[in-house]
Amino acid sequence: MKLLLTNDDGVFAPGLITLASNLASEGHKVWVVAPDRERSSIGHAITLFKPLRLWNVESGVYPGEVKVWACDGTPSDCVVLGIEEIIPEADAVISGINRGPNLGDDLTYSGTVSAAMEAHFLGKPAIAVSLCCETTEMGHLYETAAKAVIAILNKFCNLGFYNSLLLNVNVPNLPIKAIKGFRVTKKGIRMYEEKVTKLKDPKGNMYYWISGRVEDKLEEGADVEAVKEGFVSMTPIHMDLTHYPSIEKLKRAGLEEIKIQF
């Protein structure tokens, strides 16, 4: 397959290099267009008010057959430039391997998932893949995530891709033999407690740090539960944000009868 790869951790991120190397070794044709620096949690930002630069990278860290470009824009910018300028005939776009999970509502912040969303908007099947390595006692097992992506791609090579595919994949940070299998899941729930930490600088001025402790709700059939139990989570997502049950409810409540007062 002809594959366009990107991420939000930067063009030299080990997860992206591992993924590109593994895909190339499987015989896939790989092009990389990725940010020149980390752009995590930037969401679906697109650059409109400054020019973008795109340059070829020849560093020796990627296999020779992988073609690599860096971009000074966002992950979504990279996908636009990658498809419009570099490899318009790409069969699919893969975003990742992200360092850290994109479970539950995290995907709304994620540059990794947003890059896959941009590919979806441009008519390409897309997979976002993240390694759930919030604790790093075993290091970052990117090889496990890369092998999981290859297994998913092999399945779609047999089934055939469909252009509306937008898949959010989360892989437990476990050795390959410890992975229990794959689950098709729904988006779960992650709650952040103590989200804002208030601190003072050496001059006594207040500043704020947004982070917080994560508390996962282990819902049956959800991505959070699957990863917790040692399974690779595959969540199909879509971009229709309409809350359909509210349409008739709001009509019955008389919202269409509102009059602007002059």
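Heads up: the structure comes first, above all this text.
Residues numbered from 1 in each chain as written. Predicted model: local features only at pLDDT ≥ 70, side-chain atom pairs only at ≥ 80, totals over all residues. Heavy atoms only, no water.

Draft legend 1. Main features of the environment of Thr6. Tracing the chain through its elements places Thr6 in strand 1 (residues 2–6). For Thr6 and Ile94, which are 88 residues apart along the polypeptide, the C-alpha to C-alpha distance reads 6.6 Å. Once you skip the residues sitting within four places of it in the chain, Thr6 turns out to touch Leu16, Val33, Ala34, Pro35, Pro75, Cys78, Val79, Ile94, Ser95, Gly96 and Ala115. (Helix = DSSP H or I, 4+ residues; strand = E, 2+ residues; numbered from the N terminus. Contact = heavy atoms within 4.5 Å.)

Draft legend 2. Molecular detail of the environment of Cys78. As for its placement among the helices and strands, Cys78 is situated in helix 2 (residues 75–86). The exposure class of Cys78 is buried, given its relative accessible area of 0%. As for Cys78 and Val171, which are separated by 93 residues in sequence, their C-alpha atoms are 24 Å apart. Look past the residues within four positions of Cys78 in its chain and what remains in contact with it is Thr6, Val33, Ala34, Pro35 and Cys71. (Buried < 20%, exposed > 50% of the residue type's maximum accessible area, 1.4 Å probe, protein only.)

Draft legend 3. Up close: the sheet that holds strand 3 (residues 54–56). On the basis of which strands lie adjacent, the open sheet formed by 9 strands has the order 3-4-2-1-5-6-7-13-8 and mixed pairing. Either end of the sheet is taken by a strand with one partner, and the two such strands are strand 3 and strand 8 (181–184). Neighbour-to-neighbour, the strand axes of this sheet turn through a mean angle of 20 degrees, independent of strand direction. Against the sheet, helix 3 (residues 111–121) contacts strand 1, strand 5 (92–99), strand 6 (126–132) and strand 7 (166–172), and its axis sits at roughly 170 degrees relative to strand 6. (Pairing = 2+ DSSP bridges. Axes fitted to C-alpha atoms, helices over the stretch in contact; angles between N-to-C directions.)

Draft legend 4. A look at a nonpolar patch on the surface. Residues Val196, Met206, Tyr208 and Ile210 make up a contiguous nonpolar surface patch of roughly 450 Å² in combined accessible area. Among the elements that line the nonpolar patch, the one with the most residues is strand 11 (residues 206–210), at 3 residues. Mapped onto the secondary structure, Tyr208 falls in strand 11. Among the residues examined, Tyr208 registers a relative accessible area of 54% and is labelled exposed. (Patch = residues over 30% accessible without salt bridge, like charges linked within 9 Å, V, L, I, M, F, W, Y side chains within 5 Å. Areas by Shrake-Rupley, 256 points an atom, 1.4 Å probe, with all protein chains shown as cover. Salt bridge = Lys/Arg side-chain N within 4 Å of Asp/Glu carboxyl O.)

Draft legend 5. Region of the structure containing the side chain of Ser114. Locating Ser114 in the fold gives a position in helix 3. Within the local environment of Ser114, its side chain forms a polar contact with the backbone nitrogen of His44, the two atoms lying 3.3 Å apart. What Ser114 contacts, discounting residues up to four positions off in sequence, is Gly43, His44 and Ser76. (Polar contact = N/O pair within 3.5 Å; in protein donor to acceptor, adjacent residues only side chain to side chain.)

Draft legend 6. Representation of unusual backbone geometry in the model. A cis geometry characterises the amide bond from Gly96 onward to Ile97, with omega recorded as 5 degrees. Despite not being glycine, Ser41 has its phi angle at roughly 60 degrees, a positive value.

Draft legend 7. Up close: the side chain of Asp9. Tracing the chain through its elements places Asp9 in the loop between strand 1 and helix 1 (14–25). Buried and unpaired, Asp9 has Arg99 as its nearest opposite-charge partner, separated by 4.2 Å. Among the polar contacts listed, one links the side chain of Asp9 to the side chain of Ser40, at a separation of 3.2 Å. Of note is the side chain of Asp9, whose polar atom sits 2.9 Å from the backbone nitrogen of Arg99. The residues contacting Asp9, other than those within four sequence positions of it, are Arg37, Glu38, Ser40, Ile97, Asn98 and Arg99. (Lys, Arg positive; Asp, Glu negative; His and termini not counted.)

Draft legend 8. Local environment of the nonpolar core. One finds Leu5, Leu19, Leu23, Val32, Tyr62, Ile94 and Val169 to be the most contacted residues of the largest nonpolar core, which totals 40 residues. Not counting residues up to four positions away in its chain, the partners in contact with Val32 are Leu5, Val11, Leu16, Ala20, Tyr62, Val66, Lys67, Val68 and Trp69. Within the second largest apolar cluster, 22 residues are counted, among which are Val33, Ile83, Ala128 and Leu166. (Core = buried A, V, L, I, M, F, W, Y, C linked by side-chain atoms within 4.5 Å.)

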